[in-house]
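The residues making up each chain are set out below.
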Amino acid sequence: MNTTKKSAMSDMKDFDKFMNKVNNLENIVNGMVSGDAEVEAEAIRKADRAIKKADPNKNIGFDRTVINKKAFDEPAASSRDPMLFTEPHTDQTTFMDALEADANRRAEERRRRYEKADMIKEEGNVFFKNAEYERALVRYNSAISVAKDKVSLYTNRAAVYMKMEKYDKVISDCDFAAQIEPDWVKAYYLKARALQKQAKFKKAKKYFMKMSEYDEKKVKVVEGLLKELEIAQQVHAREEEANKLLSSGDHVGTKTIDQVLTSLREREQKVKYEDGDCCFYTVGFGLLESLCIDDKSRTLFRTQGGFELVLDEIKLVKDCLRSKDPTTFQTDLVVSIVALISSTCKELNENMKYLLRQQHTSEILLHLFSWHDQRVIIELMRFFYFASLSQQDRSVLYECLDICSISKSLLKVGLRQNKRMTSSTFHNFTIDQRFLKMMSGNDGKTECFLLLTDFLDTCGKDQIIRKTCINSALNMCENKQLSNALSKEGKFCATLQRMIINEGDSALFISMTSICYSLVKSGYKPDQNLFNYLSENITTSYQMAKRVEIVKLLSAVTEHHPEYVDKLQEREGLLKQIHQLVKNNEDPGLRTFALKLLCAVSKDHADKLSFLPQVDKKYKLLREILAREADGLNAIDQGHVALLLGNISKMDGLVGPLARNDNVCSEVIRRLLVLCRDLPDKVSRVNCAISLAKLAKAHPRFLYHLRMNDGINILSRQDPSEL
C-alpha cells in the first residue's frame, strides 16, 4: 500500500473518531438543556464521568479549560449536599461557558490554519496553471498537512491526480472531500471524470447526476456532461470491438490494417530517401485509405498509432509535408496522406479530435494551403468540408486550429476551384457564435469580407453560391462587432446594393435586405439608387414578406440618416401609401414599420401629413391602436402613435378633429395616461408623456381633460429620468 493511500486512510479514521466525539458531546449538551430534571441530571453525570475518565496529566498542546480544572476540584462546603454529590461534578452554567470559550478558541485556531493552508494552496494553483503538476502536488500535500479538514484542498489535489492520470487517487480524495462536505459538487464532478476515464460509465453517470442533486443550477451543465459521457461510452465500445476483431481476425481488413502499419514502420529502418521510397509510402497510405471503410476500421487505425505514423514517425513523410518545393513523387505522397486523414476522420469525431491535437497538425495544414498542386488543395478542401458538417467536429477545429487563418486560406483557394464546397464550408462555420466571436477579434476579418465579396461578384448565375454567401453574411451580422466592421467595407456594401436592386428571387431578396438593415443600423449610408428603388417598390411588391422588408429597411434609413426624410416627403402620394400600410392586418410588422416612417416625417414635416383627417376620420385607426392590449408589437405601435400625435399637435389643422369632439378628446387623454403607466417599454412611456404635454399645450380642451383625469399629478409622479 503506498504512502498516499495510507495517509488518506489515516485521515479518514481520525475524521470518524472526531465525529463520534462530537456526536457524544452533542448528546450530553442537548440533555443538559432539555428542561427535564431527570435527563439533565443524567447528562451531568455523563459529563462528570467523561471528565473523570480523561487523563488530567496528558499533554494535549494547550491549557486545560475550566471544564477539566473544575472537574477535579472539591466543591465548597456550603454548596455541597452529600446526599446528591458523591463524586466530582460540573454545574451546567460552568460547563456551557467553558464549552463556548473552547469553541471560540478552536474557531480561531481553525481560521489561522485555513489562512496558512490557503497561502500554500495558492502557490499550488500557480504551478497547476503552468502545468507543473508535480510541484503543484507537493504544495497541495503541504496545505493538507496544515488543514486536514479543508475540503477544497482535496479536490485541488484530485485535479492534479486527474492530470497525472492517477484515477484511483482522484477517487480517494473525492470520497474524502464528499464525506467532509456532502454538498461539495466539485468532488462528484472529478470522481465522475475519473470513473469515465476508467471506462466505468454507469458509476460515472451516477456521480454526474449527484451534482444536480446538490445544486439545481447545475442541471444544464449535467445534461451536457451526460451527453459527453454517452459519446465517450460509444467511443470506448468501438475501440473494444475493433481490438477484439483485430485479435480474432473476423473483420475483413483489420489484420491487413495492422500489417500495413507494421510494414510502413519497418520500411523506415531501411529508407534511403529516394523516389522509390516515396512511391512505397504513397501506395501504403492509399491502401490504408481503402481499408478504412467504416467506424471499426477507422477506430483501429487510430488505436494502432496510425496518426502518429503519418505525421511524426517517418522522417521522409515529415520532410515531404513541410516541403516548400516538392517533387512530383513528394506531391503524390502528400495527396495520399491528406486523402487518408480525410477518410479516417470523416464522421468520426474521436479521430478528428485525436488528429488535431497532435503537436504539428495545425502547422502542417496551414502550410499545405500554400501548395500549388490542385490535387492537394482539393483533398484539403474535402477534409474541411466534411469537418464543417458536424457541430462536434467544428468545435474541435475552433479549439485546435487558427480557424480564422484557415477560413481565409479556404476562401482564397476556393476562388480558383470548388466554389460551392468552399462557400458551404465557410457558411457552416458562421452558424456558430463561437466562430463569429473569434472572427470579430481577428485582424483577418477584413480580408475575409473582401474574399466573400469576390465570391458574390464572380459566382455569375450560380444561385447556390449566391445564397450560401448571403446567408454567411447574414449570420455574421448577428455579431455586433462583425456587423460594424462589415458596414465599413465599401466594396461589400456596393455589391449588396446592386444585388438588392436586381434580385428576382424573393427569399434571397429578403436575406439581403435583412443584411442591409443591420448594416444601416451599424452606420452604413445607402446611396440614392437604393433609396429610390425602395421608395418605388414600397407598395408594388406583391409578396407581403418582401414588402415588410422594404418598409423595415426604409424606416431604418430614415431613422439613422434624417436627410432621406426630406426625399421621402417629396414623393407625391407616397405618404398616403405608407398610411394605407398602417391599416394592414396581414402582417403586424408592416404596420409597425409604416408607423415608424410616418413618425419620422411628422417630426419636421408635419404639414406633409395634412391628408390624415380625410383618410382617417376622427383618427379612428390611431385610436383603435391605442385601445389595444399594451403588449408585444401593440405596445411598440402605441408608442409610435403617441409620438405621431405629439408631432402633429403643432398643426391646428391636424389636431382639430381630436380637439373639436369632447368625447374623442377625453378618450385619447385617458388612454395616453393609462399607457404612461402600463407600457412595458420605457421609450414608449416617454412618448406618451411627451404627447400629453404637447396636446395640452396645443389646445385648451386637451388641458381641461388632462386636469379632469388628474393627469397633472400623474405626470408629475413620473420618474424624472424617463423624461
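Residues numbered from 1 in each chain as written. Predicted model: local features only at pLDDT ≥ 70, side-chain atom pairs only at ≥ 80, totals over all residues. Heavy atoms only, no water.

Of the regular secondary structure elements, the chain holds 41 helices and zero strands. The proportion of buried residues among the 723 residues of the chain is 47%. A separation threshold of at least 6 residues defines the contact pool for the chain, and within that pool the share at least 24 residues apart is 68%. (Helix = DSSP H or I, 4+ residues; strand = E, 2+ residues; numbered from the N terminus. Buried < 20%, exposed > 50% of the residue type's maximum accessible area, 1.4 Å probe, protein only. Contact = heavy atoms within 4.5 Å.)

With that settled, consider the pattern of salt bridges. One pass over the structure, following the stated rule, counts 35 salt bridges. Measuring nitrogen to oxygen at the nearest pair gives 3.9 Å for the salt bridge that ties Arg322 to Glu363. Of this pair, Arg322 sits in the loop between helix H15 (315–321) and helix H16 (328–345) while Glu363 sits in helix H18 (residues 361–368); the two residues are 41 residues apart in sequence, bridging distant segments of the chain. Of the charged contacts, one joins Glu379 and Arg382 as a salt bridge, the two residues approaching to 2.5 Å between their closest N and O atoms. (Salt bridge = Lys/Arg side-chain N within 4 Å of Asp/Glu carboxyl O.)

Bringing the environment of Leu706 into the picture now. Along the chain, Leu706 turns up in helix H40 (residues 700–708). Along the chain, Leu706 and Ala696 lie 10 residues apart, while their C-alpha atoms are 7.3 Å from each other. Once residues lying within four places of it in the same chain are set aside, the contact partners of Leu706 are Ile669, Leu673, Leu692, Ala696, Gly711, Ile712 and Leu715.

Quick look at the nonpolar core now. The nonpolar side chains of soluble globular proteins are, as a tendency, buried together. Core analysis: the biggest nonpolar cluster contains 154 residues, and Phe285 and Phe384 have the highest contact counts within it. The residues contacting Phe285, other than those within four sequence positions of it, are Leu264, Val310, Val317, Leu333, Ser336, Ile337 and Leu340. With 42 residues, the next largest nonpolar core counts Ala117, Ile144, Ala158 and Ala177 among its residues. (Core = buried A, V, L, I, M, F, W, Y, C linked by side-chain atoms within 4.5 Å.)

Attention now goes to H40. For H40, the set of buried residues is Phe702, His705 and Leu706. End-on view of H40: buried residues confined to an arc of 105°, all on one side of the axis. In H40, the exposed positions that point more than 90 degrees away from the buried face belong to Pro700, Arg707 and Met708. As for H40, its buried residues are in contact with helix H37 (652–659), helix H38 (662–678), helix H39 (682–698) and helix H41 (711–716). (Arc of directions from axis to C-beta.)

Before going further, it helps to spend a moment on the packing of helix H32 (residues 574–582) against helix H33 (residues 588–605). Viewed as axis vectors pointing N to C, H32 and H33 meet at an angle of 140°, and their least axial separation amounts to 8 Å. One element, H32, and the other, H33, form an angle in the oblique class. In this structure, H32 meets H33 at a crossing whose hand is left-handed. Across from Leu575, Ile578, His579, Leu581 and Val582 in H32, the residues of H33 making contact are Leu590, Arg591, Ala594, Leu595, Leu597, Leu598 and Val601. (Axes fitted to C-alpha atoms, helices over the stretch in contact; angles between N-to-C directions. Parallel < 35°, antiparallel > 145°, perpendicular 65-115°, else oblique. Left-handed = near helix turned anticlockwise from the far one by under 90°.)

Before going further, it helps to examine the packing of helix H19 (residues 374–388) against helix H20 (residues 391–400). At a minimum axis separation of 7 Å, H19 and H20 run at an interaxial angle of 120°. If you check the angle between H19 and H20, you find them oblique. Residue-level inspection shows Phe384, Phe386, Ala387 and Ser388 of H19 in contact with H20, the latter providing Asp393, Arg394 and Leu397. Among the residues forming the contact of H19 with H20, the class breakdown is four nonpolar, one polar and two charged. (Nonpolar A, V, L, I, M, F, W, Y, C, P; charged D, E, K, R; others polar.)

Per the stated rule, a full pass over the model turns up 18 aromatic pairs. Ring geometry for Phe383 versus Phe384: centroids 5.1 Å apart, planes at 80°, classification edge-to-face. A relative accessible area of 2% means that Phe383 is categorised as buried. Here the basic side chain of Lys150 rests over the ring of Tyr114, its NZ or CZ set 4.7 Å away from the ring centre. Over the ring of Phe386 we find Lys346, and its NZ or CZ is 4.3 Å from the ring centre. (Phe/Tyr/Trp six-rings, centres within 6.5 Å; stacked < 30°, edge-to-face > 60°. Lys NZ or Arg CZ within 6 Å of the ring centre and 35° of its normal.)

Once that is clear, we can look at the side chain of Ser409. Along the polypeptide, Ser409 turns up in helix H21 (residues 403–414). On the basis of relative accessibility, which here comes to 17%, the residue Ser409 falls in the buried class. Here Ser409 is in contact with Leu366 and Phe369, once residues within four sequence places are set aside.

To continue, consider the confidence of the model for the chain. Keep in mind that low pLDDT regions are not for reading the predicted coordinates in detail. When pLDDT is averaged along the chain, the result is 83, and 83% of the positions lie at 70 or above. Here helix H3 (residues 66–71) is the element of the chain with the lowest mean pLDDT, 46, and helix H22 (residues 419–430) is the one with the highest, 94. For the stretch residues 55–86, pLDDT sits under 50, and the model shows 29 contacts to residues farther than four places along the chain or on other chains. (pLDDT = per-residue confidence, 0-100.)

This part takes up helix H30 (residues 544–560). The end-to-end C-alpha distance of H30 is 25 Å, a good match for the 24 Å that 17 residues give at a rise of 1.5 Å each. Of all 17 residues in H30, 14 are buried; the element is thus mostly enclosed. (Expected span 1.5 Å × (residues − 1).)

With that settled, consider the side chain of Arg394. On the secondary structure map, Arg394 appears in helix H20. Among the polar contacts made by the side chain of Arg394, one reaches the main-chain carbonyl oxygen of Asn428 at a distance of 3.4 Å. Setting aside its immediate chain neighbours within four residues, Arg394 contacts Ala387, Ser388, Leu389, Asn428, Phe429, Ile431 and Asp432. (Polar contact = N/O pair within 3.5 Å; in protein donor to acceptor, adjacent residues only side chain to side chain.)

With respect to the helices and strands, the residue Tyr214 is situated in helix H9 (residues 201–214). Its relative accessible area of 38% is what places Tyr214 among the partly exposed residues. Considered as a pair, Tyr214 and Trp184 are 30 residues apart in the sequence and their alpha carbons are 8.1 Å apart.

For the rest of this paragraph, the subject is the state of the cysteines. By the definition in use, this model includes zero disulfides. Here Cys516 stays free of any disulfide, with the sulfur of Cys493 as its closest cysteine sulfur at 7.4 Å. (Disulfide = S-S within 2.5 Å.)

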